[in-house]
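# Observations on the model geometry
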Amino acid sequence: MRGVVDRFARHGFLAVAPAMFDRVEFGYESDNYTPEQFAIIGELMKKFDHKTAMLDVTAAIGAAKAGGKVGITGYCFGGAVSWRAAAHEGIGLSAASGYYGGGVPNYIELAPRIPIEMHFGDRDTGIPLEQIEALKARHAEADIYTYPAGHGFCNSDRPGNFNEAACTKASARTLDFFRKHLG
């Protein structure tokens, strides 16, 4: 996440990354993508409260407002948080761009209140294309893109998932989208 925040900062954005798991395990951070680490994350997710997560998102938005209009982005879990935050009223967001939001189809009934775009891999085994198509059909107002890639296609720390072409295209779309809605 530090690299993502630094990348957005290099593009002129004030970037803030809340410590989303501090309420479950204070100070938790990991760049480890082994099956053992995913088991640990699974246990943390069992204790994670999605309702209080919006408190952390709202606090981060409050800090980011020093830079002007605020957008949100996230990857996987963060992509789902971005979708939910876009549907949350009155927290101060102006745009959202989420990546391969795990669980977003579970929140299909939530209607975004701000401009939103989402990026999915059409080969993502955890988020079937049928679910993405259902999301597109339900939310025509959202820009929902698919790429010839799997899950985590923008995560260069996972060489087996990383897809440079898809990531470059999605990242350019996000930067253009944020410049349009936050500039």
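Residues numbered from 1 in each chain as written. Predicted model: local features only at pLDDT ≥ 70, side-chain atom pairs only at ≥ 80, totals over all residues. Heavy atoms only, no water.

## Some thoughts on the nonpolar core
In terms of nonpolar packing, the biggest core is built from 48 residues, with Val57, Trp83, Leu93 and Phe153 touching the most fellow members. Of all the secondary-structure elements, those providing two or more residues to this core are helix 3 (50-64), strand 1 (71-75), helix 4 (77-87), strand 2 (95-99), strand 3 (116-121), helix 5 (129-138), strand 4 (143-147) and helix 6 (164-182). When residues in this core are grouped by element, the largest group, 7 residues, is from helix 6. With sequence-adjacent residues up to four places away left out, Leu93 is seen in contact with Ile61, Val70, Gly71, Ile72, Ala85, Ala86 and Ile114. (Core = buried A, V, L, I, M, F, W, Y, C linked by side-chain atoms within 4.5 Å. Buried < 20%, exposed > 50% of the residue type's maximum accessible area, 1.4 Å probe, protein only. Helix = DSSP H or I, 4+ residues; strand = E, 2+ residues; numbered from the N terminus. Contact = heavy atoms within 4.5 Å.)

## Considering the side chain of Glu117
Here Glu117 lies in strand 3. Buried and unpaired, Glu117 has Arg173 as its nearest opposite-charge partner, separated by 6.3 Å. At 3.2 Å, the side chain of Glu117 forms a polar contact with the side chain of Thr174. Those residues within four positions of Glu117 in sequence are excluded, and the remaining contacts are Ala96, Ser97, Gly98, Asp143, Tyr145, Arg173, Thr174 and Phe177. (Lys, Arg positive; Asp, Glu negative; His and termini not counted. Salt bridge = Lys/Arg side-chain N within 4 Å of Asp/Glu carboxyl O. Polar contact = N/O pair within 3.5 Å; in protein donor to acceptor, adjacent residues only side chain to side chain.)

## Describing the sheet that holds strand 4
In space, the 4 strands of this open sheet follow the order 1-2-3-4, with parallel pairing throughout. At either end of the open sheet lies a strand with only one pairing partner, and these are strand 1 and strand 4. The sheet shows a mean angle of 10 degrees between the axes of neighbouring strands, direction not considered. Summarising the sheet, strand 3 and strand 4 pair through 5 bridges and their orientation is parallel. (Pairing = 2+ DSSP bridges. Axes fitted to C-alpha atoms, helices over the stretch in contact; angles between N-to-C directions.)

## With respect to the pattern of salt bridges
What the rule picks out here adds up to 6 salt bridges. A salt bridge links Lys136 to Glu133, with the nearest nitrogen and oxygen atoms 3.6 Å apart. Here Lys136 and its partner Glu133 are both found in helix 5, 3 residues apart, which amounts to about one turn of the helix. Its relative accessible area of 26% is what places Lys136 among the partly exposed residues. A salt bridge links Arg179 to Asp176; the shortest N-O distance between them is 3.6 Å. Here the residue Arg179 and the residue Asp176 both occupy positions in helix 6, the gap between them amounting to 3 residues, near one helical turn. Accessibility expressed as a relative area gives 42% for Arg179, which makes it partly exposed.

## Describing helix 4
Across the 11 residues that make up helix 4, a large majority, 10, are buried. Those residues of helix 4 that fall on the buried side of the exposure criterion are Gly78, Gly79, Ala80, Val81, Ser82, Trp83, Arg84, Ala85, Ala86 and Ala87. Against helix 3, strand 1, strand 2, strand 3 and helix 5 lie the buried residues of helix 4.

## Considering the side chain of His119
For His119, the position within the fold is in strand 3. His119 sits in the buried class, given a relative accessible area of 0%. Reaching out from His119, the side chain makes a polar contact with the side chain of Thr174 at a distance of 3.2 Å. Not counting the four nearest positions on each side in its chain, His119 is found in contact with Ser97, Gly98, Tyr99, Tyr100, Tyr145, Tyr147, Phe153, Ala170, Arg173 and Thr174.

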